[in-house]
Amino acid sequence: MPASLRGTWDIISNVNFDGYMSALGISIYLRKIALRLKLRKVIEQQGDQYIIKTLSTFRNYAISFKIGQEFEEFTKGLDNGHIKSTVTWQGNKLMCEQIGEKKNRGWAHWVEGDKLHLELYCDGEVCKQVFKKNANDC
Ligand code: YOG
C-alpha cells in the first residue's frame, strides 16, 4: 500500500496554477484572487472511501468518493462544471480522471517523504502543487 494521504496539509509551492485556471476558463479577476490564496488540503480516509477538502479564506471545495467508483462532480465555486470523475490507484499515485466539457482533465496525488504532491491537469496545462504536513496534525 502507498503512503497514507490522510491529514492536514498546507501549500508550500504552486507552479502554473494560472495556466491551469486559464484552461478551466476562469476569469482574470478570479484567477488573481485564487493566486494569492494559501490552500490547505484536509484528506480523510476510511478503507476505500475518501474525502478531500480544499480550504481557503475565499472558498472551500470538497469531494467524497470511493476508489474505482465513478461519481458525479459539480465543481461548485470553481469552474461550475458538471463532470464524471473516477479515482484509482496507479502505482503510488491516486489519480482522478474528470470527464466533461474540458479535455484531458484530472489530477494526481502522491506522498513523497513528508510532502503531499498534487498535479492538476486540464487541456495540456499542468499545475504542480506541493503541501507540507500541518504542524498541529499528528
Ligand atoms: O483538488 O481539484 O485535491 O478536489 C483548484 C481551484 C478558488 C476559486 C482547487 C478557490 C481551481 C476561484 C481544487 C480555491 C480554480 C478559481 C479553493 C483543486 C477555480 C476557480 C477551493 C482540486 C482535487 C485534488 C480535489
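Each value, and the rule that gives it
Residues numbered from 1 in each chain as written. Predicted model: local features only at pLDDT ≥ 70, side-chain atom pairs only at ≥ 80, totals over all residues. Heavy atoms only, no water. Pairing = 2+ DSSP bridges. Helix = DSSP H or I, 4+ residues; strand = E, 2+ residues; numbered from the N terminus. Axes fitted to C-alpha atoms, helices over the stretch in contact; angles between N-to-C directions. Near = heavy atom within 4 Å. Polar contact = N/O pair within 3.5 Å; in protein donor to acceptor, adjacent residues only side chain to side chain. Areas by Shrake-Rupley, 256 points an atom, 1.4 Å probe, with all protein chains shown as cover. Nonpolar A, V, L, I, M, F, W, Y, C, P; charged D, E, K, R; others polar. Contact = heavy atoms within 4.5 Å.

A. Expanded view of the sheet that holds strand β1 (residues 7–15). The antiparallel open sheet is built from ten strands, whose spatial order is β4-β3-β2-β1-β10-β9-β8-β7-β6-β5. Of all strands in the sheet, those bounded by a partner on one side alone are β4 (61–66) and β5 (71–74). Neighbour-to-neighbour, the strand axes of the sheet open up by a mean angle of 25 degrees, direction not taken into account. In this structure, β1 lies alongside strand β2 (residues 40–46), joined through four bridges in antiparallel fashion. Across the sheet, the residue bridging to Thr8 is Val42, located in β2.

B. Up close: the site of the ligand. Taken together, 19 residues form the shell around the ligand, and within it Ile26, Lys41, Arg59, Tyr61 and His109 come nearest. Within the contact set of the ligand, an oxygen atom lies 2.7 Å away from a side-chain nitrogen or oxygen of Lys41. Between His109 and the ligand, the recorded distance is 2.8 Å, taken from a side-chain N or O atom to an oxygen atom. Relative to its unbound accessible surface of 630 Å², the ligand loses 98% to contact with the protein. Residue assignment for the shell around the ligand shows that the elements contributing at least two residues are α1 (17–23), β3 (49–55), β4, β8 (106–112) and β9 (115–122). Top element by residues in the shell around the ligand is α1. It accounts for three residues. Taken together, the residues that form the shell around the ligand break down as 13 nonpolar, four polar and two charged.

C. Focus on the pairing of strand β10 (residues 125–133). Sheet topology places β1 next to β10; six bridges connect them, and they run antiparallel. Note that in β10 the partner of Val15 across the bridge is Lys128. Sheet topology note: the β9/β10 ladder contains eight bridges and is antiparallel. Directly across from Leu118, in β10, lies its bridge partner Gln129.

D. Quick look at the environment of Ile11. Looking at the secondary structure, you find Ile11 in strand β1. Taking the C-alpha atoms as reference points, Ile11 and Gly25, 14 residues apart in sequence, are found 23 Å from one another. Leaving out residues up to four positions away in the same chain, Ile11 has contacts with Lys38, Leu39, Gln129, Val130 and Phe131.

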